[in-house]
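Here are the chains, one letter per residue:
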Amino acid sequence: MTVRISNDAVALACGADAVAAAFAAAGVDVERVSSWGMHWMEPLVDIDGVGYGQVSADQVPSILSGDAKSIGRIEDHPFIARQNRLTFARAGKTRPTSLDDYYASGGWLGLGQARAIGAEATIETIIVSGLRGRGGAGFPAGIKWRTVADAPAEQKYIVCNADEGDSGTFADRMVMEGDPFMLIEGMAIAGFAVGATKAYIYIRSEYPHAIAKMEAAIQLSAHLIAPFVVEVRVGAGAYICGEETSLLNSLEGKRGEVRAKPPLPALEGLFGKPTVVNNVLTLAAVPWILAHGGEAYAAYGMGRSKGTMPVQLAGNVKHGGLFEVAFGITLGELVNEIGGGTASGRPVRCVQVGGPLGAYIAPAQFDLPFDYEAFAAADALIGHAGITVFDDSVDMAQMARFAMEFCAIESCGKCTPCRLGSTRGVETIDQIIAGKNVDANLALLADLAETMKFGSLCAMGGFTPYPVMSAIKLFPEDFNR
Amino acid sequence: MTSIADIVAEHAHREGPLLPILHDVQKAFGHVSEDAMRDIAQALNLTRAEVYGVVSFYHDFRKEAEARPILKLCRAEACKARGVDALVLIAENQSRVKVEPVYCLGLCSVGPAALVGDQVIARLDQARLSSLLEAM
């Protein structure tokens with residue numbers, strides 16, 4: 001009998017350690033594995049493939065005696081069975097820092113293939129796969145790699161952006177805590193392809209468990225990726241450092257202020273050298289693509305959105321967690337069928353997709369397919385594919401105010417529309433909430449939003465207007481209209 | 001006891017050593033003092049203004065020591081959707097624990113969430129937060 005309990009931060013935060021200790025005290029061997037991603041079930045106990053959800057330590061005797069009710073085979077659960085798990089193929093199954101488990105589940109095949117076919121063919125494979133940057137911008141990863149590969153320089157860098165600051169997202173954290181070798185393999189493939197020997201992974205300080213597991217995994221696998229070297233760098237609580245040029249400044253030991261582009265980081269990035277800056281999910285998709293071929297990956301998805309997206313169901317959602325699926329699924333399927341609606345049982349009022357800079361979307365638009373172009377056409381953003389669900393008790397004027405407040409707190413201060421506009425935005429929304437000159441202030445706010453959208457240096461100030469203006473458009477009644 | 005010089009020496013060979021140094025200084029001393037900033041600036045051949053600019057840019061670094069235990073309560077959208085704002089009053093109703101906002105712990109499916117040191121806590125409600133604060 002093998003008892004598997006996750007040691008992912010979600011499981012730990014829900015009390016998994018106490019459950020594991022109770023099994024151990026009963027004389028049972030416990031394997032601490034990654035999370036299946038069925039977060040509402042955590043702590044989830046997996047006994048030879050059969051699951052027990054929301055287990056507490058006092059339920060352990062009844063589970064061992066066979067009296068407890070199981071959820072059946074975890075792999076057959078509709079939440080898991082409906083997914084296309086490529087990046088998260090190992091989720092729930094392997095011990096995160098076990099090299100044996102990683103080898104046994106197809107680890108290092110992608111790196112082996114890259115070395116066998118050579119750097120140019122590796123880049124070609126990524127281009128064929130259609131993989132686009134999963135951090136939000138959606139830029140084709142293979143094109144970025146080719147730019148860096150073609151840039152002449154003695155030193156080039158791979159930088160993995162693991163500053164996953166968007167509320168409603170946790171897929172990067174799950175990769176780092178659940179499958180760190182896969183991310184290391186992805187970085188090593190990128191380094192091989194572009195001719196870089198050094199990688200930095202910039203992890204936010206709010207993720208202590210991810211930092212610990214990545215550092216352990218880097219030590220264990222150093223000989224397998226040599227002469228390529230990976231080093232962890234820890235952020236310091238600045239949301240803006242998720243923006244790639246700000247992240248580069250932070251890595252250099254400077255204030256995390258945004259750089260003007262051009263020059264592109266691909267040509268003048270870290271310490272002025274050609275640099276691939278990719279998100280965790282982008283690099284994590286790479287080993288599968290190399291091992292199975294670019295065409296196999298491109299067979300998933302729709303239009304120009306190829307492959308799968310690890311969607312994160314968050315906020316007030318009944319079945320929250322990680323749902324990796326081919327592009328093209330509709331928002332309504334994700335929120336209502338897979339997510340099961342709200343956790344509170346009240347009607348869904350809206351969702352925010354893509355983090356604090358993403359637009360609010362009402363149920364009337366739930367037929368929107370998950371596709372970069374379809375979202376852009378609807379003035380919305382896939383971003384890092386976090387979906388935060390709100391029930392009908394939400395006050396959208398307060399959420400709009402928070403979007404501006406968050407921008408004011410986290411703005412790097414380099415450009416005026418973002419630095420000042422966000423504070424003026426909070427003040428103007430406060431006037432609207434207080435019922436003062438509502439029409440005039442709404443017009444002023446719309447004007448301010450235009451200025452921020454077109455005048456800001458990066459997406460922080462440029463996209464903050466999306467949640468604000470979508471909230472006003474969808475729910476004018478919350479704004480004294 | 002570790003000194004600033006030891007910490008600087010440990011990281012000086014790295015590319016862009018300032019943030020790792022500041023993290024370690026804060027870990028060792030609980031904050032990054034004016035004196036520490038001066039010593040770091042001198043060791044790295046930076047101006048004090050440059051080091052101060054970095055320290056003051058990042059939310060993690062504190063310029064003054066905090067004697068109380070610290071609880072970081074997530075105040076971002078996903079935890080708001082799960083009712084964290086109703087918990088803020090409880091947090092503010094006591095002064096023994098310093099409660100600071102944090103914008104996302106990546107526990108967005110099981111919020112409201114908090115971080116104490118390296119310990120993560122999820123599914124907070126009023127009762128759980130109260131007992132958590134009392135136990136700190």
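Residues numbered from 1 in each chain as written. Chains lettered and ligands numbered in written order. Predicted model: local features only at pLDDT ≥ 70, side-chain atom pairs only at ≥ 80, totals over all residues. Heavy atoms only, no water.

Participant: Outline the nonpolar core, supporting the account with residue identities and numerical values.
Facilitator: Grouped together as the largest cluster of nonpolar side chains are 100 residues, with contacts concentrated most on Ile240, Met396 and Met460 of chain A together with Ile40, Tyr58, Leu71 and Leu107 of chain B. When residues of this core are assigned to their parent elements, the largest contribution, 9 residues, is made by helix H17 (residues 396-410) of chain A. With sequence-adjacent residues up to four places away left out, Leu71 of chain B is seen in contact with Val97, Lys98, Val99, Glu100, Ala114, Leu115, Val116, Leu129, Leu132, Leu133 and Met136 of chain B. Grouped together as the second largest cluster of nonpolar side chains are 99 residues, Leu99, Ala217, Leu224 and Tyr297 of chain A included. (Core = buried A, V, L, I, M, F, W, Y, C linked by side-chain atoms within 4.5 Å. Buried < 20%, exposed > 50% of the residue type's maximum accessible area, 1.4 Å probe, protein only. Helix = DSSP H or I, 4+ residues; strand = E, 2+ residues; numbered from the N terminus. Contact = heavy atoms within 4.5 Å.)

Participant: Any details on helix H3 (residues 34-44) of chain B? Residues and values, ideally.
Facilitator: All names here are of chain B. Restricting attention to buried positions, one finds in H3 the residues Ala36, Met37, Ile40, Ala41 and Leu44. Here the buried residues of H3 occupy an arc of 130 degrees about the axis, which is enough to place them on one side. Residues of H3 that are buried sit in contact with helix H1 (4-11), helix H2 (18-29) and helix H4 (48-57). Remark: Asn45 follows H3 within two positions and exhibits a positive phi of approximately 60 degrees. (Arc of directions from axis to C-beta.)

Participant: Tell me about the sheet that holds strand E6 (residues 157-162) of chain A, residues and numbers included.
Facilitator: Residue and element names in this part refer to chain A. In spatial order, the strands read E8-E7-E6-E9; together these 4 strands make up an open sheet with parallel pairing. What marks the edges here is a single partner per strand, and that holds for strand E8 (229-234) and strand E9 (275-279). When strand polarity is set aside, the average angle formed by the axes of neighbouring strands in this sheet is 20 degrees. Alignment of strand E7 (residues 198-203) against E8, held across 6 bridges, turns out to be parallel. By the bridge assignment, Ala199 is partnered in E8 with Val230. Strands in contact with helix H13 (residues 280-292) are E6 and E9; relative to E9, the strand with the most contacts, it is inclined by about 95 degrees. (Pairing = 2+ DSSP bridges. Axes fitted to C-alpha atoms, helices over the stretch in contact; angles between N-to-C directions.)

Participant: I'd like a description of the packing of H17 of chain A against helix H21 (residues 465-474) of chain A, backed by residues and values.
Facilitator: Residues and elements named next belong to chain A. Two numbers describe how H17 lies on H21: the axes approach to 8 Å, and their chain directions differ by 165 degrees. What the angle tells us is that H17 and H21 run roughly antiparallel. Pair H17 / H21 crosses with left-handed handedness. Taken together, the residues of H21 that come into contact with H17 (itself represented by Met396, Ala400, Ala403 and Met404) are Pro467, Val468 and Ala471. Split by residue class, the contact of H17 with H21 holds 7 nonpolar, no polar and no charged. (Parallel < 35°, antiparallel > 145°, perpendicular 65-115°, else oblique. Left-handed = near helix turned anticlockwise from the far one by under 90°. Nonpolar A, V, L, I, M, F, W, Y, C, P; charged D, E, K, R; others polar.)

Participant: Talk me through the pattern of salt bridges; I want residue IDs and the actual numbers.
Facilitator: According to the stated counting rule, one finds 35 salt bridges over all chains in the structure shown. One salt bridge in this structure joins Glu231 of chain A and Lys198 of chain A, with 2.7 Å as the shortest N-O distance. Here Glu231 of chain A is found in strand E8, whereas its partner Lys198 of chain A is found in strand E7, with 33 residues between them in sequence. Summarising the burial analysis for this pair, Glu231 of chain A and Lys198 of chain A share the class buried. Sharing partners across several salt bridges, the network here consists of Lys198, Glu231 and Arg233 of chain A together with Arg14 of chain B. (Salt bridge = Lys/Arg side-chain N within 4 Å of Asp/Glu carboxyl O.)

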